[in-house]
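So the chains spell out like this:
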Amino acid sequence: MADPSDEELIRRHLAGDRSAFGALVERHQRRVYNLTYRMLGRPEDAADATQDTFVTCMRKLASFRGTSAFTTWLHRVAVNICYDALRKRSREIPVEEGEHASEAAPGDLAEESASAVDVQRALLRVPEEFRAVLVLHDVQGVPYQDIAESLGAPVGTVKSRLHRGRVALARALHGEHSRGSHTSKERGTS
Amino acid sequence: MNDHPEELLAGYTEGSLGANERARVEAHLATCDACQEEVDLAAEGLTTLSSLPELDPPKGIPFRVRRKAGGTPSRAWRFAGAAAAAAVLIGGGVFVFTNLDPASLEGEGSAPQGAEPESAPLPRTGSSEGGGAGEQEAGVEATDAQLAAAPVLPIYVESRRNYDSEDLAPLARRLRDDANAAVRSGLAPTARSFFEDFDPSAYTPDVRRAVGCVLADVPPQQLIVPYRIEAASFEAAPAYVATFLQGPTPDEPYDRLVMWVAHRETCGLMSLASQVL
């Protein structure tokens, strides 16, 4: 028998099935963890953000109308939790060099290869609104339209951020400061 | 500067544009070195990102979610449950709530979806003996003995009893009788007077944890008196059956007994019973 759909698991959860939400967590934890890890760059922060994403979803599930896919909603919650975590981090950590503030601490990336570590460090220098689009589209393969729904932004904005994010990433890999693109209509994120 | 086809460049980089759009971008790139440079950089960025490995999430995320969701479930909701219990009790008798919050009910013992274990028939609390009820009976007897000598609350009982929702009402009625006897024997008759002569630091770790599970969801001004804590099971999950006494206000005599069933690991509320004293 096919696995129950997300919507079916949500229906069961709301009907009191104790195991249904756990099945949703099992199914989507990998996607959420990778998204939050690429956004935050620290395994422990990503684990916390993953946990918080699912807890938030569980508490608000009754208000989930099902007009978009569960994963679209999950991405929205996860990205917002990452934004909150980054804001909190920027307040709590003394910043000596701005662009290094959100870099992973030494050893956090030990599980990844050296090149992946470099890429992750560069990714953390990409403005976070571009980073979210980069991770969702280029790492996780989420379509433009779904990202636009998750982020509440027009599809055109998603495409622009994606382009500018890719450019910023390449520049960060070359050791340049992220500065968006020369075509920018949006300002960089704060 | 608005003639740069920025919204098309992402699609161009990944090769997803239609022929017309692609031709438009190429015509622009032929005359715009800045955009050409960006497209080259964007291609590098895209290639780099697509090489990133997918990581395994750490073990224990589902448990952490259950623990956090069960440890601090939506308070408004749990208050609502308590308020509903109070409302029902105006009419007297016992009312039992179960399945108050599917989230808080996710114990470690949860079965896969669609495979909920059936509750085994259990001896009722009021019945004389059978299964794991022996410890329970002993606990209640100990209550009487302790209270007759000097009320020391809360009474703490460990048992192998596996309760289900139908067991709670009979247990609540039994404890009501015990509690009424305790008041007649000299137990401080109001929450205020009880706490005047009470040292919470004397709690054992188990009692502290069980009481903490319940108090996390009770407004601080609403004093409730811990009467009896039983570490047992509820529907096969480890649970505290925590019984409290409560008056309309802290300065009025107790008028009801409230029994909270909380998951021993997550603190999640599993059931609630209330009984008029």
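Residues numbered from 1 in each chain as written. Chains lettered and ligands numbered in written order. Predicted model: local features only at pLDDT ≥ 70, side-chain atom pairs only at ≥ 80, totals over all residues.

## Quick notes on the overall build of chain B
In step 1: The secondary structure content of chain B amounts to 9 helices and 6 strands.
In step 2: Here chain B, with 277 residues, has 40% of them falling under the buried criterion.
In step 3: Within chain B, contacts between residues at least 6 apart in sequence are counted, and of these 67% link residues at least 24 apart. (Helix = DSSP H or I, 4+ residues; strand = E, 2+ residues; numbered from the N terminus. Buried ≥ 20, exposed ≤ 12 C-beta atoms within 10 Å, placed from the backbone. Contact = placed C-beta atoms within 7 Å.)

## Here we look at the overall build of chain A
In step 1: For chain A, the count of helices and strands is 8 helices and 0 strands.
In step 2: Starting at the N terminus, the α and β elements of chain A follow one another as α-α-α-α-α-α-α-α.
In step 3: Considering chain A as a whole, with its 190 residues, one finds that 48% of them fall into the buried category.
In step 4: In chain A, of all internal contacts separated by at least 6 residues, the share reaching a separation of at least 24 is 61%.

## Regarding the environment of Ala169 of chain B
Residue and element names in this part refer to chain B.
In step 1: Note on placement: Ala169 falls in helix 7 (residues 165-184).
In step 2: Overall, Ala169 belongs to the buried group, with 20 C-beta atoms counted inside 10 Å.
In step 3: A sequence separation of 90 residues divides Ala169 from Met259, and the C-alpha atoms of the two residues are 9.3 Å apart.

## Details of the interface of chain B and chain A
In step 1: The interface of chain B with chain A comprises 42 residues on the first partner and 48 residues on the second.
In step 2: When residues of the side of chain B that touches chain A are traced back to their parent elements, those giving at least two are helix 1 (6-14), helix 3 (33-50) and helix 4 (61-71) of chain B.
In step 3: At 11 residues, the largest contribution of residues to the side of chain B that touches chain A is made by helix 3 of chain B.
In step 4: Here the side of chain B that touches chain A is built from residues that sort into 23 nonpolar, 10 polar and 9 charged. (Nonpolar A, V, L, I, M, F, W, Y, C, P; charged D, E, K, R; others polar.)

## Points about helix 3 (residues 43-60) of chain A
In step 1: Taking 1.5 Å per residue as the helical rise, helix 3 of chain A with its 18 residues ought to reach 26 Å, and the 26 Å between its terminal C-alpha atoms agrees with that figure.
In step 2: Of all the 18 residues making up helix 3 of chain A, 13 are buried; the element is thus mostly covered by neighbouring parts of the structure. (Expected span 1.5 Å × (residues − 1).)

## Quick notes on the pairing of strand 3 (residues 225-234) of chain B
Residues and elements named next belong to chain B.
In step 1: Strand 3 sits mainly inside the fold: 10 of its 10 residues count as buried.
In step 2: Bridging between strand 3 and strand 4 (residues 237-246) involves 9 bridges; their strand directions are antiparallel. Looking at strand 4, one finds that Glu230 is bridged to Val241.
In step 3: Here strand 3 folds back onto strand 4, and the loop between the two strands holds 2 residues, one of which, Glu235, carries a positive phi near 50°. (Pairing = 2+ DSSP bridges.)

## Notes on the confidence of the model for chain A
In step 1: With 80% of its residues at a pLDDT of 70 or more, chain A has an overall mean of 83.
In step 2: The low-confidence segment residues 95-103 of chain A (pLDDT under 50) makes 12 contacts with residues lying over four places distant or belonging to another chain. (pLDDT = per-residue confidence, 0-100.)

## Examining the packing of helix 8 (residues 155-173) of chain A against helix 1 of chain B
The packing of two helices is summarised by the inter-axis angle and the distance between the axes.
In step 1: For the pair helix 8 of chain A and helix 1 of chain B, interaxial distance at closest approach is 7 Å and the crossing angle is 65°. Considering how the two elements wind past one another, helix 8 of chain A and helix 1 of chain B form a crossing that is left-handed. Contacts between helix 8 of chain A and helix 1 of chain B involve Gly156, Lys159, Ser160, Leu162, His163 and Arg166 of chain A from the former and Glu6, Glu7, Leu9, Ala10, Gly11 and Thr13 of chain B from the latter.
In step 2: Grouping the constituent residues of the contact of helix 8 of chain A with helix 1 of chain B by class yields 3 nonpolar, 5 polar and 4 charged. (Axes fitted to C-alpha atoms, helices over the stretch in contact; angles between N-to-C directions. Left-handed = near helix turned anticlockwise from the far one by under 90°.)

## Regarding the environment of Asn34 of chain A
In step 1: You can see Asn34 of chain A is positioned in helix 2 (residues 20-40).
In step 2: Its 21 C-beta neighbours within 10 Å are what place Asn34 of chain A among the buried residues.
In step 3: C-alpha separation for the pair Asn34 of chain A and Ala46 of chain A, spaced 12 residues apart in sequence, amounts to 7.9 Å.
In step 4: Beyond its immediate chain neighbours, meaning those up to four positions away, Asn34 of chain A contacts Gln140 of chain A together with Glu54 and Leu55 of chain B.

## Notes on helix 6 (residues 128-139) of chain A
All names here are of chain A.
In step 1: Among the 12 residues that make up helix 6, 11 are buried, leaving the element largely enclosed by the rest of the structure.
In step 2: Taken as a whole, helix 6 has its buried residues at Glu129, Phe130, Arg131, Ala132, Val133, Leu134, Val135, Leu136, His137, Asp138 and Val139.
In step 3: The first or second residue beyond helix 6 is Gly141, which carries a positive phi of 75°.

## With respect to the nonpolar core
In step 1: In this structure, Ala78, Cys82, Val133, Leu134 and Leu169 of chain A together with Leu9 of chain B are the most contacted members of the largest nonpolar core, which totals 65 residues.
In step 2: Ranked by residue count, the leading element in this core is helix 2 of chain A, at 11 residues.
In step 3: Leu134 of chain A has contacts with Val126, Leu162, Gly165, Arg166 and Leu169 of chain A together with Leu49 of chain B, leaving out every residue within four places of it along the chain. (Core = buried A, V, L, I, M, F, W, Y, C linked by C-beta atoms within 7 Å.)

## A few points about unusual backbone geometry
Residue and element names in this part refer to chain B.
In step 1: With a phi close to 75°, Ala236 is a non-glycine residue in the positive phi region.
In step 2: Assignment of secondary structure puts Ala236 in the loop between strand 3 and strand 4.
In step 3: Accessibility expressed as a C-beta count within 10 Å gives 16 for Ala236, which makes it partly exposed.
In step 4: A positive phi angle, close to 70°, is found at Cys267, a residue other than glycine.
In step 5: Along the chain, the position of Cys267 falls in the loop between strand 5 (256-263) and strand 6 (269-276).

## Observations concerning the pairing of strand 6 of chain B
Residues and elements named next belong to chain B.
In step 1: Counting buried positions along strand 6 gives 7 out of 8 residues, so the element sits mostly inside the fold.
In step 2: Pairing of strand 5 with strand 6, which is carried by 7 bridges, proceeds in the antiparallel orientation. Pairing of Met259 across the sheet is with Ala273, part of strand 6.
In step 3: What sits between the antiparallel neighbours strand 5 and strand 6 is a turn of 5 residues, in which Cys267 has the positive phi angle 70°.

## Things to note about the confidence of the model for chain B
Regions with low pLDDT should not have their predicted coordinates read in detail.
All names here are of chain B.
In step 1: Looking at chain B, pLDDT values average 72 and 66% of them are 70 or higher.
In step 2: pLDDT under 50 marks residues 71-151. Its contacts with residues more than four places away, or in other chains, come to 143 contacts.
In step 3: Taken over the whole predicted complex, pTM reads 0.54, whereas the ipTM for its chain interfaces reads 0.83.

## Considerations on the packing of helix 1 of chain B against helix 2 (residues 19-29) of chain B
Residues and elements named next belong to chain B.
In step 1: Packing of helix 1 against helix 2 brings their axes to within 10 Å, and their N-to-C directions diverge by 105°. The pairing of helix 1 with helix 2 is recorded here as roughly perpendicular in orientation. Where helix 1 approaches helix 2, its residues Leu8, Leu9 and Tyr12 are matched on the opposing element by Glu21, Arg22, Arg24 and Val25.
In step 2: Considering only residue class, the contact of helix 1 with helix 2 consists of 4 nonpolar, no polar and 3 charged. (Parallel < 35°, antiparallel > 145°, perpendicular 65-115°, else oblique.)

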